[in-house]
Amino acid sequence: MSTIDTAEGRTTLVLSPHQDDEASRLAAYVAIAADRGDAVELVQVTDGTATGVGRAEGLSPGTVQRWRDREQFSCWDWLTDGRGTITRLQLVDGAARAEDIVSALTQRLDTDNGECELYVATWHHDRPEAHPADLHPDHIACVLAAREIARTTGIPVRFARHATQQELPGTLYEAQTHEQRLRIEGALSAYTVIGRRSVRHTFEAAEGSGGTSRITE
């Protein structure tokens, strides 16, 4: 387990391709960052409407989006203990473009004068250890955008492995307190209706590990 040093005035931005990626990949890290006093902000990239759950359950795209956003809001509220914020880019699920993400992040970073770090709720699609989920077009767009942000701004950018790959190399973050463990439990349970139906095995793996986060550059 790794600990995180307290840094006053730090902002932790979390870039998530879809509603639920932040929970399955970065739950422990977000809970720790919030408790150390970071301003923790989730940048949600897509509207999440392409999930097959909507079709299977006979839900309209608008309903799917509302319900996915509702699950994510509850998740983020648990992880940050009510101290986090969410910015929604509302890009079309399955068609996110790296340049649009870069533009939004650049505008966001222009308003932040303090220390900032970016954590991406996916991993490198073009490396041998990539999980199949990392090959989704929206995940790839997030990785390419994050790399460009790192190149042009110099801020630290890090990537999170899939919940089933916690044994692979990277810095492992685990809940440090009983309260954090309970909040992570609440965050993962927030995705009962859409998230779990969409990626059941991913949530089972996340719950089995206690919501650990395996993070690399």
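Here, the structure is the one placed above.
This text gives an overview of the structure that appears in the document. The structure displayed is predicted, hence computed values, not measured ones.

## Things to note about the pattern of salt bridges
Considering all chains together, one arrives at 20 salt bridges under this definition. The salt bridge involving D69 is made with R88; its shortest N-O contact spans 3.1 Å. Placement of the pair is D69 in helix 3 (residues 61-80) and R88 in strand 3 (residues 85-91), with a sequence separation of 19 residues. With relative accessibility at 15%, the residue D69 sits in the buried group. Bridged by salt links that share partners, the residues R10, R36, D38, E115, E117 and R158 form one connected network.

## Here we look at the nonpolar core
Ranked by internal contacts, the top residues of the largest apolar core, which has 30 residues, are L26, L79 and I184. Those elements that provide at least two residues to this core are helix 1 (21-35), strand 2 (39-46), helix 3, helix 6 (178-189) and helix 8 (200-208). If you tally residues by element for this core, the top one is helix 1, at ten residues. Not counting residues up to four positions away in its chain, the partners in contact with L26 are V14, D21, Y119, V120, A121, A160, S213 and I215. With 25 residues, the next largest nonpolar core counts A141, C142, I155 and V157 among its residues.

## Focus on the sheet that holds strand 3
Across the sheet, which stays open at both edges, the seven strands sit in the order 3-2-1-4-5-7-6 with mixed pairing between neighbours. Strand pairing shows two members of the sheet lacking a second neighbour, strand 3 and strand 6 (171-173), which therefore form its edges. Taken pair by pair, the neighbouring strands of this sheet meet at an average axis angle of 25 degrees, ignoring direction. As judged from the three bridges shared by strand 6 and strand 7 (residues 213-216), these two strands associate in the antiparallel manner. When the sheet's bridge partners are listed, L172 is paired in strand 7 with R214.

About the cut-offs
For every chain, the first residue of its written sequence is number 1, and the numbers climb from 1 along that sequence. Reporting of local features is limited, given that this is a predicted model, to residues whose pLDDT is at least 70; pairs of side-chain atoms are given and counted only at 80 or more, and all residues count toward the totals for whole chains, interfaces and linings. No hydrogens and no water enter the side-chain calculation; it runs on all heavy atoms of the structure. Take a side-chain nitrogen of Lys or Arg and a carboxyl oxygen of Asp or Glu: if they are within 4 Å of each other, that pair is a salt bridge. Helix and strand definitions here come from DSSP, where helices need a minimum of 4 consecutive H or I residues and strands a minimum of 2 consecutive E residues; each element is numbered from the N-terminal end. A simple rule labels every residue: compare its accessible area, found with a 1.4 Å probe on the protein chains alone, to the largest value its type can have, and call it buried under 20%, exposed over 50%, or partly exposed in between. The set of buried Ala, Val, Leu, Ile, Met, Phe, Trp, Tyr and Cys residues whose side-chain atoms join them within 4.5 Å is what this entry labels a nonpolar core. Only heavy atoms enter the contact rule, under which two residues are in contact if any of them lie within 4.5 Å. Following DSSP output, two strands are said to pair if at least two bridges run between them. With axes taken as lines fitted to C-alpha atoms, and helix axes fitted only over the stretch in contact, angles between N-to-C directions fall between 0 and 180 degrees.

Purely spatial values, then, with no claim about function.
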